[in-house]
Amino acid sequence: MNFSDFDQKSYKPQTELLKDKVILVTGAGDGIGRAAAKAYAHHGATLILLGKTTGKLEQTYDAIEKAGGAIPAIYPMDLQGATPKDYQKLAEVLTREFGRLDGLLHNASYLGTLSPIENQDIETWYKVQQVNVNASFMLTQSCLPLLKAADSASVIFTSSAVGRKARAYWGAYAVSKFATEGLMQVLADELESNTKVRSNSINPGATRTSMRADAYPAEDPSSLKTPEQIMPVYLYLMGADSCNVNGQALNAQ
Ligand SMILES: NC(=O)c1ccc[n+]([C@@H]2O[C@H](COP(=O)([O-])OP(=O)(O)OC[C@H]3O[C@@H](n4cnc5c(N)ncnc54)[C@H](OP(=O)(O)O)[C@@H]3O)[C@@H](O)[C@H]2O)c1
């Protein structure tokens, strides 16, 4: 595998990088997803904000509107309980409203509880795989016709350091991120020859969000990069500058 490092400092996205693009972000109400939705809107995209908590999605909506971005769409959806029918319905709504999808950022994730495999709670294992892997698979599958309808489309999966090199006690979450890398690669290989859809992953690295605080409660959050600071790679992979990048695993830091 080629885990290329992205040079955050040298990448300067054009202001209109994502002009008129239609982009769906999962987990758009908080943390990295919220920052990505705002950054994409700032660069000209119309966003579909998908997430669990409607109030948080509304906050992202308000921030985008206040900053002068295109009015986004809010799509509340709990990826834990969503069924194939729910994804089909979402695809139908998107087809009706937009007719295509230029970008899909799989960002929402569930950390679960860190524990040794020996003690891993089985119910938690299922829940983690459902949100982090099964939901990404079903959402990708239902959106593929929309992605193929775009002139050029980007699917971005969110990985983690523990999805590339495993670490003790990260159990269900680490395994879900390895599966995420696998899904990204299988998709990239399938799309390589006959479509203009590309598939890549990002490892955000340690970032100041509530998920990070849950995993490292004793850590000083001010020592970490903010979601806004890691946006260059999210913009690079979403925009035309990466049109020939497929099947790659990038690092945000
Ligand atoms: N922060 C880091 O240091 C770090 C490091 C490596 C990888 N990552 C990855 O980066 C991504 C973003 O994480 P983050 O740090 O920004 O976490 P975060 O602030 O906790 O945000 C996670 C987002 O996922 C949404 N979400 C969780 N469960 C969901 C469900 N069942 N249905 C729909 N949405 C759901 C949350 O919505 P609600 O708020 O409504 O629950 C929230 O918007 C994740 O894939 C994570 O694994 C983060």
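The preceding data block contains the structure.
Source: prediction; values computed, not measured.

(A) Representation of the side chain of T26 within the structure. Assignment of secondary structure puts T26 in strand β1 (residues 22-26). Here A108 takes part through its backbone nitrogen, which lies 2.9 Å from a polar atom of the side chain of T26.

(B) Expanded view of the environment of V186. Secondary-structure assignment places V186 in helix α5 (residues 171-191). For the pair V186 and G205, spaced 19 residues apart in sequence, the C-alpha to C-alpha distance is 23 Å.

(C) The arrangement of the packing of aromatic side chains in detail. Going through the model one piece at a time under the given rule, you end up with three aromatic pairs. Summarising the aromatic geometry, the rings of Y11 and Y236 are spaced 5.3 Å apart at their centres and angled 75° between planes, so their arrangement reads as edge-to-face. Residue Y11 is found in the segment before β1, and its partner Y236 is found in helix α7 (residues 231-238); the two are separated by 225 residues along the sequence. Judged by relative accessible area, Y11 falls into the buried class, the value being 12%. The interplanar angle of 55° and the centroid separation of 5.7 Å between the aromatic rings of W170 and Y173 together place this pair among those described as tilted. There is no split in this pair, since W170 and Y173 are both buried. In this structure an aromatic cluster arises from ring pairing among W170, Y173 and Y216.

(D) Quick peek at unusual backbone geometry. With a phi angle near 65°, D20 is a residue other than glycine that sits in the positive phi range. The topology assignment puts D20 in the segment before β1. Phi at Y169 is positive, roughly 80°, even though this residue is not glycine. Tracing the backbone shows Y169 in the loop between β5 (153-158) and α5. Residue classification places Y169 among the exposed residues on the basis of a relative accessible area of 53%.

Definitions and limits used
Along each chain, numbering runs from 1 in the same order as the chain's sequence is written. A pLDDT threshold of at least 70 governs which residues receive local features in this predicted model, and a stricter bar of 80 or more applies before side-chain atom pairs are shown or counted, although totals over entire chains, interfaces and linings include all residues. Based on all heavy atoms of the structure, the side-chain values leave hydrogens and waters out of the count. Strands are runs of DSSP state E lasting at least two residues, helices are runs of H or I lasting at least four, and both sets are numbered from the N terminus onward. Throughout this description, a polar contact denotes any pair of N or O atoms lying within 3.5 Å of each other; where both atoms belong to protein, one of them has to be capable of donating a hydrogen while the other can accept it, and for residues adjacent in sequence the pair is counted only when both atoms sit in side chains. Centre distance within 6.5 Å is the pairing criterion for rings of Phe, Tyr and Trp, where only the six-membered ring of Trp is used; planes under 30 degrees apart are then read as stacked, over 60 as edge-to-face, and the remainder as tilted. Burial classification: accessible surface area is computed with a 1.4 Å probe over protein chains only, and a residue below 20% of its type maximum counts as buried, one above 50% as exposed, and the rest as partly exposed.

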